[in-house]
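Here are the chains, one letter per residue:
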Number of protein chains: 2
Amino acid sequence: MADSKYNFNGSLWVELNSEPVLGPGRVELLERIEQTGSIRQAAQQMGMSYAQAWKMIDHINTHFGEPIVISHRGGKGGGHAELTAKGKHLSLAFKAFHQQFREYLQEQSKLLDL
Amino acid sequence: MADSKYNFNGSLWVELNSEPVLGPGRVELLERIEQTGSIRQAAQQMGMSYAQAWKMIDHINTHFGEPIVISHRGGKGGGHAELTAKGKHLSLAFKAFHQQFREYLQEQSKLLDL
């Protein structure tokens, strides 16, 4: 019994009209697009193909009923991608709550070992 | 956009030595055993078979490395089941945190629609 270590764990996602649309993986992709300005670089950093990342973004943009990522193709720099205001807001709100949630889980876990 | 309704959702479970061991379904079973004093009645209330409930409890008792449900067979009343102190504690702690978590999700969801 002394070596039994209990803890709470959990998961968190955003729903739109009761459908899951955004979890930690997608939010990480959005953040990396915002940081790099590039879907290709964001995909590379996460070890996914450009096609996979595009598919995810297309899915996000379609399901959100409003643009979340805007992509400007071509040009000297080879295109540029950025989040819309809503995209930034959702991504920041998720990240902040997710961080809080992880801390909350840790804190509450202390109660399990009493 | 006006009819887009965002909300947070999430799930919660208890881990023992980093393995998931207890979620809302099992906790409900434990609670109903505590309330009814009977594995059979608890199973019936949840629409599961006695065998299923037994299997779940056996799994819980085995994986927790300490008894969570104690069952006294036979006797006039047809047997009696109850939670150990640890079982009661885990079940109450989970329920309290789960309730808090649901409220927390609702409250945080307000931030998504800004």
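Everything that follows concerns the structure shown earlier in this document.
The present account deals with the structure reproduced in this document.

**Here's the deal with the relation of the copies chain A and chain B**
- The transform that puts chain A on chain B rotates by 180° and translates by 0.0 Å along the axis, for an RMSD of 0.0 Å. A rotation of that kind, with that shift, is consistent with a two-fold axis. Measuring from the rotation axis to each C-alpha of chain A, the shortest distance belongs to S11 of chain A, at 2.6 Å.
- Mapped onto chain B, 100% of the interface residues of chain A are again interface residues, and the two copies thus contact each other with one and the same surface.

**Here we look at the interface of chain A and chain B**
- On the side of chain B, 34 residues touch chain A, which itself brings 34 residues to the contact.
- Buried area between chain A and chain B, both sides added, is near 3,200 Å², and the carbon and sulfur share of it is 56%.
- In terms of surface lost to chain B, no three residues of chain A exceed Y6, F97 and Y104 of chain A, which account for 21% of the buried area on that side.
- Our count for the chain A to chain B interface comes out at 0 salt bridges.
- Our count for the contact surface shared by chain A and chain B stands at 17 residue pairs in polar contact (both at pLDDT 80 or more).
- Residue assignment for the side of chain A that touches chain B shows that the elements contributing at least two residues are β1 (6-16) and α4 (85-109) of chain A.

**Describing unusual backbone geometry**
- In the Ramachandran plot, S18 of chain A falls in the positive-phi region, its phi being about 70° despite a non-glycine side chain.
- Along the chain, S18 of chain A turns up in the loop between β1 and β2 (19-22).

**Concerning the pattern of salt bridges**
- Applying the stated criterion to the full structure yields 6 salt bridges over all chains.
- Across the salt bridge formed by E28 of chain A and R32 of chain A, the nearest N and O atoms sit 2.9 Å from each other. Remark: R32 of chain A and E28 of chain A occur in helix α1 (residues 24-36); sequence separation between them is 4 residues, near one turn of the helix.
- A residue is classified by how much of its surface remains accessible, and E28 of chain A, at 30% relative accessible area, is partly exposed.
- On the basis of relative accessibility, which here comes to 24%, the residue R32 of chain A falls in the partly exposed class.
- In this structure, K88 of chain B engages E34 of chain B in a salt bridge whose closest nitrogen and oxygen atoms are separated by 3.9 Å. Separated by 54 residues along the polypeptide, K88 of chain B in helix α4 (residues 85-109) and E34 of chain B in helix α1 (residues 24-36) bring together distant segments of the chain.
- Taking relative accessible area as the criterion, E34 of chain B reaches 35% and is therefore assigned partly exposed.

**Observations regarding the sheet that holds β2 of chain A**
- Spatially, 4 strands are ordered β2(A)-β1(A)-β1(B)-β2(B) in an open sheet, and the strand pairing comes out antiparallel. Whereas interior strands pair on both sides, the edge strands pair on one side only; in this sheet they are β2 of chain A together with β2 (19-22) of chain B. Each strand of the sheet is rotated relative to its neighbour by a mean of 60°, with strand direction disregarded.
- On the sheet, α4 of chain A packs against β1 and β2 of chain A together with β1 (6-16) of chain B and is oriented at approximately 160° with respect to β1 of chain A.

**Examining the packing of α1 of chain A against helix α3 (residues 50-63) of chain A**
Residue and element names in this part refer to chain A.
- Two elements in contact, α1 and α3, have axes whose closest approach is 11 Å; the angle formed by their N-to-C orientations is 105°. As the angle between them shows, α1 and α3 are arranged roughly perpendicular. In this structure, α1 uses R26, L29, L30 and I33 to contact α3, whose residues at the interface are A53, M56, I57, H59 and I60.
- The class makeup of the residues in the contact of α1 with α3 is 7 nonpolar, 1 polar and 1 charged.

Thresholds applied
- Residues numbered from 1 in each chain as written.
- Chains lettered and ligands numbered in written order.
- Predicted model: local features only at pLDDT ≥ 70, side-chain atom pairs only at ≥ 80, totals over all residues.
- Heavy atoms only, no water.
- Least-squares fit on C-alpha atoms with pLDDT ≥ 70 in both.
- Contact = heavy atoms within 4.5 Å.
- Buried area = accessible area lost by both parts, 1.4 Å probe.
- Salt bridge = Lys/Arg side-chain N within 4 Å of Asp/Glu carboxyl O.
- Polar contact = N/O pair within 3.5 Å; in protein donor to acceptor, adjacent residues only side chain to side chain.
- Helix = DSSP H or I, 4+ residues; strand = E, 2+ residues; numbered from the N terminus.
- Buried < 20%, exposed > 50% of the residue type's maximum accessible area, 1.4 Å probe, protein only.
- Pairing = 2+ DSSP bridges.
- Axes fitted to C-alpha atoms, helices over the stretch in contact; angles between N-to-C directions.
- Parallel < 35°, antiparallel > 145°, perpendicular 65-115°, else oblique.
- Nonpolar A, V, L, I, M, F, W, Y, C, P; charged D, E, K, R; others polar.

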